[in-house]
Amino acid sequence: MAFLLSFVAGSPVEALLPADATAEDAERLTETLGLDEPLHVQYARFLQRAVRGDFGESIKWRGQSAMGIVFERLPMTLQLALTALTFSIVVAVPIGVLSAVHKDGYFDRFGKVIALLGQSLPPFWLGIMLIWFLGVGLGWLPVAGAGSWRHIVMPAIALGWYQVAAIMRLTRSAMLDVLDSEYIKLARMKGVSERSVIWKHALRNALIVPLTYLGIILGAVITRTVVVEVVFGWPGTGTLVMEAVLGRDLPVVNAVLIIFAAIFVVANFLVDILYAVIDPRIRLQ
Amino acid sequence: MTHSDSDVVLAVENLQTHLYTKRGLVRAVDGVSFDLRSGETLGIVGESGSGKSMTALSLVRLIPRPAARIVGGSVRLDGEEILEKSEAEMRAIRGEQIAMILQDPQSSLNPVFTVGDQIAETFQLQGKQPRGRMRERAIAALREVQVADPENRVSNFPHEMSGGMKQRVVGAIAVARRPRVLIADEPTTSLDVTIQAQYLRLLRSIQQQTGTSIIFITHDFGIVAKMCDRVAVMYAGRIVEYGPVHSIFATPSHPYTQALIASVPSPDTKVERLESIEGQPPVPWDLPKGCRFAPRCPFVMDRCRADYPPMFATQSAGDGDAEAEHAAACRLLEGES
Ligand SMILES: Nc1ncnc2c1ncn2[C@@H]1O[C@H](COP(=O)(O)OP(=O)(O)OP(=O)(O)O)[C@@H](O)[C@H]1O
Ligand SMILES: [Mg+2]
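What this report covers is the structure whose coordinates are included nearby. Predicted model only: the values in this text are computed from it and were never measured.

Concerning the sheet that holds strand β9 (residues 230–235) of chain B
In sheet architecture, strand pairing relies on hydrogen bonds along the backbone and comes in two forms, parallel and antiparallel. Residues and elements named next belong to chain B. The mixed open sheet is built from eight strands, whose spatial order is β6-β7-β8-β3-β9-β10-β12-β11. Strand pairing shows two members of the sheet lacking a second neighbour, β6 (98–101) and β11 (312–313), which therefore form its edges. Taken together, the five bridges between strand β3 (residues 41–45) and strand β8 (residues 213–218) define a ladder with parallel strand orientation. Following the sheet pairing, Leu 42 is matched in β8 by Ile 215. Its contacts with the sheet place helix α8 (residues 193–210) against β3, β6, β7 (181–185) and β8, and it is angled at close to 160° to β8. Lying on the sheet, helix α11 (residues 255–262) is in contact with β9 and β10 (238–244); it crosses β9 at an angle near 105°.

Quick look at the side chain of Lys190(A)
Summarising the element assignment, Lys190(A) is placed in helix α9 (residues 182–190). By relative accessible area, which is 4% here, Lys190(A) ends up buried. Within the structure, Lys190(A) has its side chain in polar contact with the backbone oxygen of Gln118(B) (distance 2.7 Å).

Notes on helix α6 (residues 106–120) of chain A
Residue and element names in this part refer to chain A. Helix length check: α6, at 15 residues, gives a terminal C-alpha distance of 22 Å against a target of 21 Å (1.5 Å per residue), a fit within 8%. Among all positions in α6, only Asp 108, Gly 111, Ile 114, Ala 115 and Gly 118 are buried. One face of α6 carries all of its buried residues, which in axial projection span an arc of 115°. Exposed positions of α6 whose direction lies more than 90 degrees from the buried face are Tyr 106 and Leu 116.

Examining the interface of chain A and chain B
Listed by partner, the interface residues are 22 residues for chain A and 29 residues for chain B. The junction of chain A with chain B conceals about 2300 Å² of combined surface from both sides, 65% of it contributed by carbon and sulfur atoms. Of all residues in chain A, Leu186(A), Met189(A) and Lys190(A) give up the largest surface area on contact with chain B, accounting jointly for 33% of the area buried on that side. Seen at the junction of chain A and chain B, the total is three salt bridges. Glu194(A) serves as the salt-bridge partner of Arg65(B), at 3.6 Å between the closest nitrogen and oxygen. Of all the elements in the fold, those that place two or more residues in the side of chain A that touches chain B are α9, α10 (194–206) and α14 (280–283) of chain A. No other element matches α9(A), which puts seven residues into the side of chain A that touches chain B. Partitioning the side of chain A that touches chain B into residue classes produces seven nonpolar, five polar and ten charged.

Things to note about the sheet that holds strand β5 (residues 80–81) of chain B
Residues and elements named next belong to chain B. Here we have four strands laid out as an open sheet, ordered β2-β1-β4-β5, and antiparallel in their pairing. In this open sheet, the two edge strands, each paired with only one partner strand, are β2 (24–37) and β5. Relative to strand β4 (residues 68–77), strand β1 (residues 8–21) is paired through eight bridges, and the arrangement is antiparallel. Across the sheet, Val 12 pairs through a bridge with Val 75, a residue of β4. Sheet contacts for helix α1 (residues 52–59): β1, β2 and β4; angle to β1, the most-contacted strand, approximately 115°.

A closer look at α9(A)
Burial runs high along α9(A): eight of the nine residues are buried. Looking at α9(A), one finds that the buried residues are Glu182(A), Tyr183(A), Ile184(A), Leu186(A), Ala187(A), Arg188(A), Met189(A) and Lys190(A). On its buried side, α9(A) packs onto α8 (149–179) and α10 of chain A together with β6, α3 (105–108), α4 (115–124) and α7 (163–175) of chain B.

A few points about the site of ligand 1
Residue and element names in this part refer to chain B. Around ligand 1 sit 15 residues in total, of which Ser 48, Gly 49, Lys 52, Ser 53 and Met 54 are the nearest. Within the backbone of Ser 50, an N or O atom sits 3.3 Å from an oxygen atom of ligand 1. Compared with its free state, where it exposes 630 Å², ligand 1 has 68% of that area covered by protein. Listing elements by their share of the shell around ligand 1, those giving two or more residues are β1 and α1. Among the elements that take part in the shell around ligand 1, α1 stands out by supplying three residues, more than any other. Taken together, the residues that form the shell around ligand 1 break down as five nonpolar, seven polar and three charged.

Comments concerning the nonpolar core
The biggest cluster of nonpolar side chains holds 97 residues, and the ones touching the most others in it are Leu10(B) and Ile215(B). The greatest single-element share of this core, amounting to seven residues, is contributed by α7(B). Contacts of Ile215(B), omitting those with residues within four sequence positions, involve Leu10(B), Phe34(B), Leu36(B), Leu42(B), Ile44(B), Leu59(B), Val181(B), Leu182(B), Ile183(B) and Ala184(B). Core analysis: the second largest hydrophobic core is formed by 52 residues, Val97(A), Ile114(A), Ile152(A) and Val197(A) among them.

A word on the pattern of salt bridges
Enumeration over the complete set of coordinates arrives at 26 salt bridges over all chains. Ionic pairing is found between Glu243(A) and Arg73(A), a salt bridge with its closest N-O pair at 3.9 Å. Note that Glu243(A) is positioned in helix α12 (residues 237–246) and Arg73(A) in helix α5 (residues 66–101), a separation of 170 residues in sequence. A salt bridge links Arg292(B) to Asp30(B); its shortest N-O distance comes to 2.7 Å. Remark: Asp30(B) occurs in strand β2 and Arg292(B) occurs in the loop between α11 and α12 (302–306); sequence separation between them is 262 residues. Each member of the pair, Arg292(B) as well as Asp30(B), is classed as buried.

Brief notes about the environment of Thr237(A)
Residues and elements named next belong to chain A. By secondary structure assignment, the location of Thr 237 is in helix α12. In this structure Thr 237 comes out as buried when scored by relative accessible area, which is 0%. Separated by 199 residues in the primary sequence, Thr 237 and Pro 38 have C-alpha atoms spaced 31 Å apart. Residues within four places of Thr 237 in sequence aside, it is in contact with Val 70, Arg 73, Leu 74, Thr 77, Glu 229, Val 256 and Phe 260. Within polar-contact distance, the side chain of Thr 237 engages the side chain of Thr 77 at 2.7 Å.

Structural notes on the side chain of Lys85(B)
All names here are of chain B. With respect to the secondary-structure elements, Lys 85 resides in the loop between β5 and α2 (87–93). Among the polar contacts listed, one links the side chain of Lys 85 to the side chain of Glu 80, at a separation of 2.4 Å. Setting aside residues up to four positions removed in sequence, Lys 85 forms contacts with Arg 61, Glu 80, Met 90 and Ile 93.

Observations regarding a nonpolar patch on the surface
Residue and element names in this part refer to chain A. Judged by side-chain polarity, Val 266, Phe 269, Leu 270, Ile 273, Leu 274 and Val 277 come together as a nonpolar surface patch covering roughly 550 Å² of accessible area. With respect to the helices, strands and loops of the structure, Leu 274 is situated in helix α13 (residues 250–278). A relative accessible area of 41% places Leu 274 in the partly exposed class.

Thoughts on the packing of α12(A) against α13(A)
Helices that pack against each other are described as a pair by the angle of their axes relative to one another and the distance between those axes. Residue and element names in this part refer to chain A. Orientation of α12 relative to α13, taken along the N-to-C sense of each, is 145°, at an axis distance of 9 Å. The element α12 and its partner α13 pack so that their crossing is left-handed. Here α12 contributes Thr 237, Leu 240, Val 241, Ala 244 and Val 245 to the contact with α13, which in turn contributes Val 252, Val 253, Val 256 and Phe 260. Of the residues in the contact of α12 with α13, the class split is eight nonpolar, one polar and no charged.

Rules of the game
Residues numbered from 1 in each chain as written. Chains lettered and ligands numbered in written order. Predicted model: local features only at pLDDT ≥ 70, side-chain atom pairs only at ≥ 80, totals over all residues. Heavy atoms only, no water. Pairing = 2+ DSSP bridges. Helix = DSSP H or I, 4+ residues; strand = E, 2+ residues; numbered from the N terminus. Contact = heavy atoms within 4.5 Å. Axes fitted to C-alpha atoms, helices over the stretch in contact; angles between N-to-C directions. Buried < 20%, exposed > 50% of the residue type's maximum accessible area, 1.4 Å probe, protein only. Polar contact = N/O pair within 3.5 Å; in protein donor to acceptor, adjacent residues only side chain to side chain. Expected span 1.5 Å × (residues − 1). Arc of directions from axis to C-beta. Buried area = accessible area lost by both parts, 1.4 Å probe. Salt bridge = Lys/Arg side-chain N within 4 Å of Asp/Glu carboxyl O. Nonpolar A, V, L, I, M, F, W, Y, C, P; charged D, E, K, R; others polar. Near = heavy atom within 4 Å. Areas by Shrake-Rupley, 256 points an atom, 1.4 Å probe, with all protein chains shown as cover. Core = buried A, V, L, I, M, F, W, Y, C linked by side-chain atoms within 4.5 Å. Patch = residues over 30% accessible without salt bridge, like charges linked within 9 Å, V, L, I, M, F, W, Y side chains within 5 Å. Left-handed = near helix turned anticlockwise from the far one by under 90°.

Shown next as C-alpha cells:
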C-alpha cells in the first residue's frame, strides 16, 4: 500500500525541482532516485529496503534517514494515544458499569446522552471546540504544542472522547449479561457485598467485551492521531506525516505507514496478553 | 400447626411473590406456606414454571430485580422475620444461616477466579484471615465434599473441572459456614445418573454430620423417595398437597399429585414434562379464578371453579401427630374430614 501511494502522491521529481529546471535536469534526478527503472524492479527494491526498515533518506529533511526522523517523533504519538485510550477507559467503563447497575434509571439515561454526544462529535471538531472554549476563551490550557501535562489534556480528550460511547455501551451490555448469570447469583448467595459483586465478580468478566473492541479499534485510533496532532500542533508522527505529504517526502510517509502498521500488530499482541491475564480460560490455548 | 414451634427452623406463611412482566402480572408464588423442621429434608416438587425457584429465591430475598417483588406473607428463621430485615442484615444471613445450591454447576462458579479463592471468599466474609489459613480451610472444604487431590484442585479454575466436581465445589461453598438451612434447587438435573447418586449420598452424609435442614427442589419423584422426609407439591404458584413422603406415595390425595405419581412408572423415572396429564399448565398471567388445576382435572366440580379450595387433612393423617400431617387443597376431601 505504501508503495502504491508513491504513485498516487505525484511525481517526487516534479516536487523537488525548481520551476525553471530543464528536461535534462529532470532526467538526471530521475536516474539518481532510481525512478527510471521498470515498476517491478522499483517494487522489489522498495520491499527489500522496507523489510530492513530502510526507506532511504528523507527528501525534505536532507541528510537524515526517513526512519530516524519517524522514530524521533514516535514517543510523542504513543504518549498521546495511550493517554487518550486511558481517558476513554477511565471515563467509559465506570459509566457503563453504573448504567447497567441502574438500568433504566437516571444514571442510565445520563449515560445514553454521553453516548450520543460521543458519537456525533468528530475528533477534529471536538478538538477545535476545546481549543476555542478551554484554550482561547477561558485560557485554562495551552492551545497548541507540547511540553507539560497541560498540553496533552485537550488533544487526549479530543482523541479519546470518540471511543467513550462505544466502550461505555459495550461495558453496559456485557455487565447486564454478567449480572444475570448464575455465578453472580451464587456470589450474592454467599453474602458478598453488592460493591464486590459489581466491581470484582462481574466487571472482571464483563471487561473481556470492551477489550476485544479495543483490539479492533486500535488501528483507527492510531490513524485518528494524525488529525488530532495537526489540530493541536502536537509534534508527533501525525504532524510529521502531514508535513511529509505536503513536501511530497515519500520515504518519510512510507516509514510512518510501516510504523503505524507495526504499532497495530504490537498493540494487538498486548491486547491478547491482557486477555489471558483477565480470563484464565484463554491461558490454556 | 400442631407440632412444637421450637422444632421449626424456617416457617413460611402465605408467601406471595409477584412478577411484573410485559404480558402482565405473574403470581409466581401465590400464598405458599410450609414449615421446615430441624434436620429434615423437605422436597418441593412440581412442573416447570410452577414457582419452585421463585419460592426458594424469595426465602433469601434474591428474586430477579426489578421485575419481581415479594408482596406479602412471612418468612421466619428461628422466629425472626426475614422479610423485614435490611439488606445488610440479609447479607449476614445469606451463606451463614441460609445457603443455596443453584441448578447449573456449569455456570454457578465464576470463570475468572480459582475455586480455592471462591471457597475462601465465603470464609473471608466471616472476618479477614491470613491467606495461608484461607487456603487450608478451602482445602479442608474440598476434602469434605470428597474432591480427590484437594491440595492441587484448590488452585484450579472452574473450566479445569468436570461438571460433577464443580457441583461439589458449589456444595462445599454452601455448607462451608454450616448454615441452618440449605436450599438445593434441582442440584443434579445436569449431572449424569451415577454422579447424581454420588452427589445425593454426599448431601445426606453432610446433613447427618451438620444437622442442617434441607429444602430439596426437584422434578424427580425418584429423588424425592430417596432424599426427602416430607414433600410439598406445587402447582401454578401454590402448594396443592404436602405430607410425609411415604404417605404421599401411598395415598396421593390431590388429582394433580395422583397424576404426577401415576406418570412415574418407577420411582427412578424423571418427570420433565407430564405428558400423561391432559392439557397444559395454565398461562401464568391468566390463572383460573378457582382451583388452578380445575381446567385439567378429571374430577372437577362446579364449586372448584368458584374459589380457591383450602387445605383439607387427608384420611391418612394421624390425629394430632405433627410428623404425619398430610393435607391437600382439593374439594374431593371436603366431605371426608
Ligand atoms: N426473570 C423472570 N422474569 C419473568 N418471569 C419469570 C422470571 N423467572 C421466572 N419467571 C416466571 O415465574 C414463574 C415461576 O418460575 P420458576 O422459575 O419459579 O419455576 P420453577 O418451578 O422453578 O420451574 P423449573 O422447574 O423450570 O425451574 C414462571 O411462570 C416463569 O415464567
Ligand atoms: Mg427452577
